[in-house]
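If you want the building blocks of each chain, they are given just below.
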There are 2 protein chains.
Amino acid sequence: MDYMDLAIIEAEKAALRGEVPIGAVVVDSRTGEVLARAGNRTEEDNDPTAHAELVALRLAARHIGSPRLPYCDLYVTLEPCTMCATAISFARIRRLYFGAYDPKGGGVDHGAQFYNQSTCHHRPDVYGGLRENECGLLLRSFFQEKRA
Amino acid sequence: MDYMDLAIIEAEKAALRGEVPIGAVVVDSRTGEVLARAGNRTEEDNDPTAHAELVALRLAARHIGSPRLPYCDLYVTLEPCTMCATAISFARIRRLYFGAYDPKGGGVDHGAQFYNQSTCHHRPDVYGGLRENECGLLLRSFFQEKRA
């Protein structure tokens, strides 16, 4: 089982809670330890900022006792939005791996593309499209069921 | 005392905690009630996302029991960064009032300018430069003392 599997499991758990199925995992790249795993919790927590990535970053930072995670990688099932992409930069994440691309809400390869701005002071290495079909199918199934 | 006074007080309290002095207040525009007030807590909470605006948004949303705050206004002493600007949009904030402009880190009138993107689905009314000198002086004094 790899780290994206863990992120997908978090996304599936989010769907069971009625949340948009997105999951994220933060890993210490030096040891391979999983520091945090989280799914989207926006509705359940009444928190507009509780995207999977933000929740995972906050848990990992608290776990290691620093707001900066320079040796850590983040795995997430969907291209991060602009809020999350910026938070990933602030946290000094080393590598960002994401699953499905998000032309409507993404902020890495789409939209504001924060990492391409001159005001972005840390740009993680970005690897998009990891397990793309599987991650995208989770979301499509969720919204199809909502509409049914 | 107006709402920006309250935001400035939160910024001053943040400075006393050794945090970058930025403060934010969320107000229910229908009643005038202050739903949340917060300063920057990044270092103290070991949380890369704990900017004053994000902390205040989370508190206000929990207070009213919804991740969306469509009748609320946000007052903050500095132009929000890209992360916070996006979170303000997600929270459906009605009006954003900010103090000093931030050419280096701001994401409203500078940088990624999320509200001008086609992927931004809610744009608050924005009023920048409110008590600009006072708000900027707080930050300049803080960093001068740090360097001294």
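Residues numbered from 1 in each chain as written. Chains lettered and ligands numbered in written order. Predicted model: local features only at pLDDT ≥ 70, side-chain atom pairs only at ≥ 80, totals over all residues. Heavy atoms only, no water.

An unreviewed UniProt entry lists chain A under the name tRNA-specific adenosine deaminase, with Terasakiella brassicae as the source organism. Among the UniProt annotations of chain A, the heading Sequence similarities (unreviewed entry) holds the following wording: "Belongs to the cytidine and deoxycytidylate deaminase family. ADAT2 subfamily." The UniProt entry for chain A carries the following text under Catalytic activity (unreviewed entry): "adenosine(34) in tRNA + H2O + H(+) = inosine(34) in tRNA + NH4(+)". (UniProt positions renumbered as here; feature names shortened; annotations may be inferred.)

Caption draft 1: Just the interface of chain B and chain A, in detail. Across the contact, 30 residues belong to chain B and 30 residues belong to chain A. The contact between chain B and chain A buries some 2,500 Å² in all, and 62% of this surface belongs to carbon and sulfur atoms. By the criterion of area lost to chain A, the three top residues of chain B are B:Asn46, B:Pro48 and B:Arg58, representing 23% of everything that side buries. Summed over the shared surface of chain B and chain A, the number is four salt bridges. With its nearest N and O atoms 3.0 Å apart, the salt bridge here joins A:Arg68 to B:Glu43. (Contact = heavy atoms within 4.5 Å. Buried area = accessible area lost by both parts, 1.4 Å probe. Salt bridge = Lys/Arg side-chain N within 4 Å of Asp/Glu carboxyl O.)

Caption draft 2: View of the relation of the copies chain B and chain A. Mapping chain B onto chain A leaves a residual RMSD of 0.0 Å; the transformation is a rotation of 180° accompanied by 0.0 Å of translation along its axis. The transformation just described matches what one would write down for a two-fold rotation axis. Scanning chain B for the C-alpha nearest the rotation axis identifies B:Met83, at a separation of 2.0 Å. An overlap of 100% is found between the interface residues of chain B and their copies at the interface of chain A, pointing to a shared contact surface. (Least-squares fit on C-alpha atoms with pLDDT ≥ 70 in both.)

Caption draft 3: Focus on the UniProt feature "binding site: Zn(2+)" (unreviewed entry) in chain A. The positions that UniProt labels "binding site: Zn(2+)" (unreviewed entry) are, in the present scheme, A:His51, A:Cys81 and A:Cys84. In sequence the annotated residues extend across 34 residues, while in space they remain close, none of their C-alpha pairs exceeding 9.1 Å. With respect to the secondary-structure elements, A:His51 resides in the loop between strand E2 (34–39) and helix H2 (52–64). Looking at A:His51, the relative accessible area reads 18%, which means it is buried. In contact with A:His51, not counting residues within four places along its chain, are A:Asn40, A:Thr42, A:Cys81, A:Met83, A:Cys84 and B:Phe90. The contact partners of A:Cys81, leaving out residues within four places of it in the chain, are A:His51, A:Glu53, A:Gly105, A:Gly106, A:Gly107 and B:Phe90. (Helix = DSSP H or I, 4+ residues; strand = E, 2+ residues; numbered from the N terminus. Buried < 20%, exposed > 50% of the residue type's maximum accessible area, 1.4 Å probe, protein only.)

Caption draft 4: Focus on the pairing of strand E1 (residues 23–28) of chain B. Residue and element names in this part refer to chain B. Burial runs high along E1: six of the six residues are buried. Covered by surrounding structure in E1 are Gly-23, Val-25 and Val-27 together with Ala-24, Val-26 and Asp-28, the residues of both alternating faces. Sheet topology note: the E1/strand E2 (residues 34–39) ladder contains five bridges and is antiparallel. Residue pairing across strands places Val-26 opposite Ala-36, the latter belonging to E2. In this antiparallel pair of consecutive strands, E1 and E2, the connection spans five residues, and Gly-32 shows a positive phi of 80°. Note that E1 and strand E3 (residues 72–78) share five bridges and pair antiparallel. Each bridged residue has a counterpart across the sheet, and for Val-25 the counterpart in E3 is Tyr-75. (Pairing = 2+ DSSP bridges.)

Caption draft 5: Quick peek at the packing of helix H1 (residues 3–16) of chain B against helix H4 (residues 132–147) of chain B. All names here are of chain B. Running from N to C, H1 and H4 point in directions that differ by 5°, and their axes come no closer than 11 Å. Between H1 and H4, the crossing angle belongs to the class labelled roughly parallel. Of the residues in H4, those touching H1 at Met-4, Ile-8, Ala-11, Glu-12 and Ala-15 are Glu-134, Cys-135, Leu-138 and Phe-142. Across the contact of H1 with H4, the residue classes tally to seven nonpolar, no polar and two charged. (Axes fitted to C-alpha atoms, helices over the stretch in contact; angles between N-to-C directions. Parallel < 35°, antiparallel > 145°, perpendicular 65-115°, else oblique. Nonpolar A, V, L, I, M, F, W, Y, C, P; charged D, E, K, R; others polar.)

Caption draft 6: Broad picture of the sheet that holds E2(A). Residues and elements named next belong to chain A. Here we have five strands laid out as an open sheet, ordered E2-E1-E3-E4-E5, and mixed in their pairing. Lying at the two open borders of the sheet, with one neighbouring strand each, are E2 and strand E5 (125–127). Looking at each pair of strands side by side, their axes are set apart by 15° on average, direction ignored. Across the sheet, helix H1 (residues 3–16) lies against strand E1 (23–28), E2, strand E3 (72–78) and strand E4 (95–100), angled at about 145° from E1, the strand it touches most.

Caption draft 7: Examining the environment of A:Cys84 more closely. Residues and elements named next belong to chain A. Relative to the helices and strands, Cys-84 resides in helix H3 (residues 82–90). The exposure class of Cys-84 is buried, given its relative accessible area of 0%. Measuring from C-alpha to C-alpha, the distance between Cys-84 and Ser-118 comes to 18 Å, with 34 residues separating the pair along the chain. Beyond its immediate sequence surroundings of up to four residues, Cys-84 is in contact with His-51, Glu-53 and Leu-54.

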